[in-house]
Amino acid sequence: PNTTRYHVTVVRVKPEMLNEWIDLQKNEVVPGLKKAGVASRSVWNTAVGNSFEYSIVVPFEKFAAMDSPGPLVRALGAEAAARLNGKIRKCIETQRTYLANRVNDLTIPAGDALLSRMVVRRVQQGKTQEALAHYRADVFPALKKAKEQGRIAGAQVSVRGMGAQANEIVTTEFYNKFADLDAGSPVLAVVGAEANAAINAKGTALATNVQTVLRRRVADLSF
């Protein structure tokens, strides 16, 4: 299917270095990325999940970009970028990166929604397209109605690629405030208990839920 590819960096910041890391990101990294022409960047802080964890998502158009200096080098020069990266590394406990492919026709634009509820599912070998077809036919129409009713701000599906565990699909629901989560499943609210149970049974036969994470968008570090 038609997809948009993103580069995702998941950073666990040292608790005692959190303020320094945020200051470096806000005052040096974000201006540098903008100067280098990076189109967008979305940063999410884990609210329920691993503490002091941030996910940084930027567009990734082609691998050829990796043959050239990175955006901070282009914006600041090699020496200044090296000094900045050295200061950032002192703040980091762990870091990993991977690519993700957002399925565009299964996306409901969410604007600058405050938070995201992400469910990571490990699909049975060879069943990725079947799992996407199930989502397209059974889940996505209900989420579009939930958006119309104001229950969610948006939604999307991503297939994780290089750097991630194999056969992982991430479904995300976006919300404008935490209180909206108190209403429970938006699909259940739209289709009712019986239909929701059937949808869940079909999904469970195709994939295993391995993680659910709630993340808050960090506006100062996003653009």
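The structure this text deals with has already been given above.
Rules of the game
Residues numbered from 1 in each chain as written. Predicted model: local features only at pLDDT ≥ 70, side-chain atom pairs only at ≥ 80, totals over all residues. Heavy atoms only, no water. Salt bridge = Lys/Arg side-chain N within 4 Å of Asp/Glu carboxyl O. Helix = DSSP H or I, 4+ residues; strand = E, 2+ residues; numbered from the N terminus. Buried < 20%, exposed > 50% of the residue type's maximum accessible area, 1.4 Å probe, protein only. Polar contact = N/O pair within 3.5 Å; in protein donor to acceptor, adjacent residues only side chain to side chain. Contact = heavy atoms within 4.5 Å.

Before going further, it helps to examine the pattern of salt bridges. Under the definition given, this model contains nine salt bridges. Lys87 is the salt-bridge partner of Glu28, the closest N and O atoms lying 3.4 Å from each other. Note that Glu28 is positioned in helix α1 (residues 18-35) and Lys87 in helix α3 (residues 78-89), a separation of 59 residues in sequence. Given the relative accessible area of 31%, Glu28 is considered partly exposed. Relative accessible area serves as the criterion here: at 34%, Lys87 is assigned to the partly exposed category. Close ionic contact of Lys127 with Glu130 constitutes a salt bridge, the shortest N to O distance being 3.3 Å. With a relative accessible area of 42%, Glu130 lands in the partly exposed category. Via salt bridges that share partners, Arg122, Arg160 and Glu168 belong to a single interconnected network.

With that settled, consider the environment of Ser185. Turning to its location among the elements, Ser185 is positioned in the loop between β7 (168-175) and α5 (186-191). Taking the C-alpha atoms as reference points, Ser185 and Val103, 82 residues apart in sequence, are found 22 Å from one another. A polar atom in the side chain of Ser185 sits 3.3 Å from the backbone nitrogen of Val187. At 3.1 Å, the side chain of Ser185 and the backbone nitrogen of Leu188 are in polar contact.

Here the focus is the side chain of Gln25. Among the secondary structure elements, Gln25 is positioned in helix α1. What makes Gln25 buried here is its relative accessible area of 4%. Excluding its chain neighbours within four sequence positions, the residues that come into contact with Gln25 are Val30, Pro31, Arg41, Ile88 and Leu221.

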